[in-house]
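# Geometric and topological summary
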Amino acid sequence: MLLGFGCSVPAVMSTRTLSSNRDRRMTIMLTPFMSCSAKIPIYAVFTAAFFMQYRALVMIGLYVTGILIGIIAALISNKTVFRGKPVPFVMELPNYRLPSGKSVLILMWEKARDFIVRAFTVILIATVVIWFLQTFDLKLNVVSDSADSLLAVIGKLIAPIFRPLGFDDWRVSTALITGFTAKEAVISTLGVLLGTDISSLGAALGGLFTPLTALSFLVFTLLYTPCVAAIAAIKRELRSGVQTLLLIIAQCVIAWVAAFAVYRLLSLIV
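Residues numbered from 1 in each chain as written. Predicted model: local features only at pLDDT ≥ 70, side-chain atom pairs only at ≥ 80, totals over all residues. Heavy atoms only, no water.

## With respect to the nonpolar core
Formed by 51 residues in total, the largest nonpolar core has its most connected members in F46, F167, L205, F209, F217, L218 and F220. It is helix α10 (residues 211–223) that provides the largest number of residues to this core, a total of seven residues. When near neighbours in sequence (up to four residues on either side) are disregarded, L205 contacts V45, F46, F50, L190 and L194. Within the second largest apolar cluster, five residues are counted, among which are I130, L133, L151 and I177. (Core = buried A, V, L, I, M, F, W, Y, C linked by side-chain atoms within 4.5 Å. Buried < 20%, exposed > 50% of the residue type's maximum accessible area, 1.4 Å probe, protein only. Helix = DSSP H or I, 4+ residues; strand = E, 2+ residues; numbered from the N terminus. Contact = heavy atoms within 4.5 Å.)

If you want it as structure tokens, here you go:
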């Protein structure tokens with residue numbers, strides 16, 4: 001769980017140390033609720049644009065919200081999907097000795113190579129797919145404006161889903177799609193589609209969001225499905241494409257419900 005605040009990929013891979021299959025699967029399911037560091041650029045841009053005086057409070061609130069949602073999901077899962085008693089975690093610790101420099105370097109190389117090959121291969125494929133969708137139109141002609149691309153068409157199709165959350169602009173939904181490759185891509189995509197650089201993106205976002213809808217968007221990006229690298233790690237650890245797909249759908253549904261609740265409840269107050 002703590003590793004999940006850095007990156008979900010090593011966090012999911014570290015569940016191998018759990019001897020109980022039940023505990024391991026539950027931990028894998030809950031880890032994506034921990035806000036990874038890749039989402040920090042999204043928080044930084046939106047809090048600077050809409051919550052300048054309360055930036056720290058909003059960002060802390062997002063992290064706490066993710067933890068609370070994870071706890072609630074754990075309590076519900078413990079009574080439904082993952083019924084049973086948890087197995088005590090017992091690990092036999094070996095005698096600790098100072099390792100040699102050679103063994104440390106070899107271990108670092110093996111772990112780094114495994115991460116790069118497994119995670120970044122998936123990221124590369126997903127990036128190529130997003131590039132293709134953003135470059136060509138329905139007739140496979142190269143587009144000069146991203147608004148005419150296949151990605152924009154997909155974004156416009158799913159945009160109505162986000163209308164109850166307060167943001168239904170196709171550019172926002174398109175940015176959420178590119179967020180599947182890496183969460184940082186949400187900000188860069190918005191910058192490209194709005195025709196501005198990162199330094200002035202906050203001002204441009206004022207035409208798409210209000211402080212209320214921005215908060216709803218932040219809650220959704222906090223909880224919706226992790227990046228493709230994390231999804232690949234989850235599929236590898238669960239050894240089931242169906243369970244991985246169900247997990248992705250469940251996270252998107254939870255994110256939608258949480259963002260909807262925030263938007264509607266605050267609409268009654270503001």
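Further notes follow.
## Points about the environment of N141
Note that N141 resides in the loop between α5 (101–135) and α6 (150–158). Ignoring sequence-local partners within four residues, the contact set of N141 consists of T135 and F136.

## Some words on the packing of aromatic side chains
Here the structure, examined in full by the defined rule, presents 16 aromatic pairs. Judged by centre distance (6.4 Å) and plane angle (75°), the rings of F50 and F209 are edge-to-face. Here F50 is found in helix α3 (residues 40–50), whereas its partner F209 is found in the loop between α9 (201–205) and α10, with 159 residues between them in sequence. The burial state of F50 is the same as that of F209; both residues are buried. Taken together, the ring pairs in this structure connect F46, F50, F51, F162, F167, F180, F209, F217, F220 and Y224 into an aromatic cluster. Here the basic side chain of K156 rests over the ring of W170, its NZ or CZ set 5.4 Å away from the ring centre. (Phe/Tyr/Trp six-rings, centres within 6.5 Å; stacked < 30°, edge-to-face > 60°. Lys NZ or Arg CZ within 6 Å of the ring centre and 35° of its normal.)

## Quick word on the pattern of salt bridges
This structure, assessed with the given rule, holds four salt bridges. A salt bridge links R16 to E237, with the nearest nitrogen and oxygen atoms 2.9 Å apart. Of this pair, R16 sits in the loop between α1 (8–13) and α2 (21–30) while E237 sits in helix α11 (residues 228–238), placing them 221 residues apart in sequence. Using a relative accessible area of 49% as the deciding quantity, one classes R16 as partly exposed. Since its relative accessible area comes to 6%, E237 is described here as buried. We note a salt bridge from R22 to D23, for which the minimum N-O separation is 2.7 Å. The exposure class of D23 is buried, given its relative accessible area of 14%. (Salt bridge = Lys/Arg side-chain N within 4 Å of Asp/Glu carboxyl O.)

## Let's talk about unusual backbone geometry
Even without being glycine, L140 reaches a positive phi, approximately 60°. Examined against the element boundaries, L140 turns out to sit in the loop between α5 and α6. Of the residues examined, L140 reaches a relative accessible area of 53% and is grouped as exposed. One non-glycine residue, R239, lies in the positive phi region at around 60°. Relative to the elements of secondary structure, R239 occurs in the loop between α11 and α12 (241–269). The class for R239 is exposed, based on a relative accessible area of 79%.

## What about helix α7 (residues 170–178)?
Counting buried positions over the nine residues of α7 gives eight, a clear majority of the element. Measuring from the backbone nitrogen of R171 back to the side-chain oxygen at the start of α7 gives 2.8 Å, which picks out D169 as the cap. (Polar contact = N/O pair within 3.5 Å; in protein donor to acceptor, adjacent residues only side chain to side chain.)

## Remarks on the confidence of the model for the chain
Per-residue confidence for the chain gives a mean pLDDT of 85, with 95% of residues at or over 70. Across the chain, α10 holds the top mean pLDDT of 93, while α5 sits lowest at 78. (pLDDT = per-residue confidence, 0-100.)

## Things to note about the side chain of S216
Considering the arrangement of structural elements, one finds S216 in helix α10. Its relative accessible area of 0% is what places S216 among the buried residues. Within the structure, S216 has its side chain in polar contact with the backbone oxygen of L165 (distance 2.9 Å). Looking at S216, its side chain comes within polar contact range of the main-chain oxygen of A259, at 3.4 Å. Not counting chain neighbours up to four residues away, the residues in contact with S216 comprise L165, F167, A259 and Y263.

## Overview of a nonpolar patch on the surface
Together, I60, V64, I67, L68, I71 and L75 make up a nonpolar patch on the protein surface, roughly 530 Å² of accessible area in all. With respect to the helices, strands and loops of the structure, I71 is situated in helix α4 (residues 55–79). (Patch = residues over 30% accessible without salt bridge, like charges linked within 9 Å, V, L, I, M, F, W, Y side chains within 5 Å. Areas by Shrake-Rupley, 256 points an atom, 1.4 Å probe, with all protein chains shown as cover.)

## A few points about the packing of α3 against helix α8 (residues 185–193)
Geometry of a packed helix pair, given as the angle between the helix axes and the separation of the axes. Viewed as axis vectors pointing N to C, α3 and α8 meet at an angle of 50°, and their least axial separation amounts to 7 Å. Of the possible angle classes, the one that applies to α3 and α8 is oblique. Judged by residue contacts, P41, I42, V45 and F46 of α3 engage V186, I187 and L190 from α8. The class makeup of the residues in the contact of α3 with α8 is seven nonpolar, no polar and no charged. (Axes fitted to C-alpha atoms, helices over the stretch in contact; angles between N-to-C directions. Parallel < 35°, antiparallel > 145°, perpendicular 65-115°, else oblique. Nonpolar A, V, L, I, M, F, W, Y, C, P; charged D, E, K, R; others polar.)

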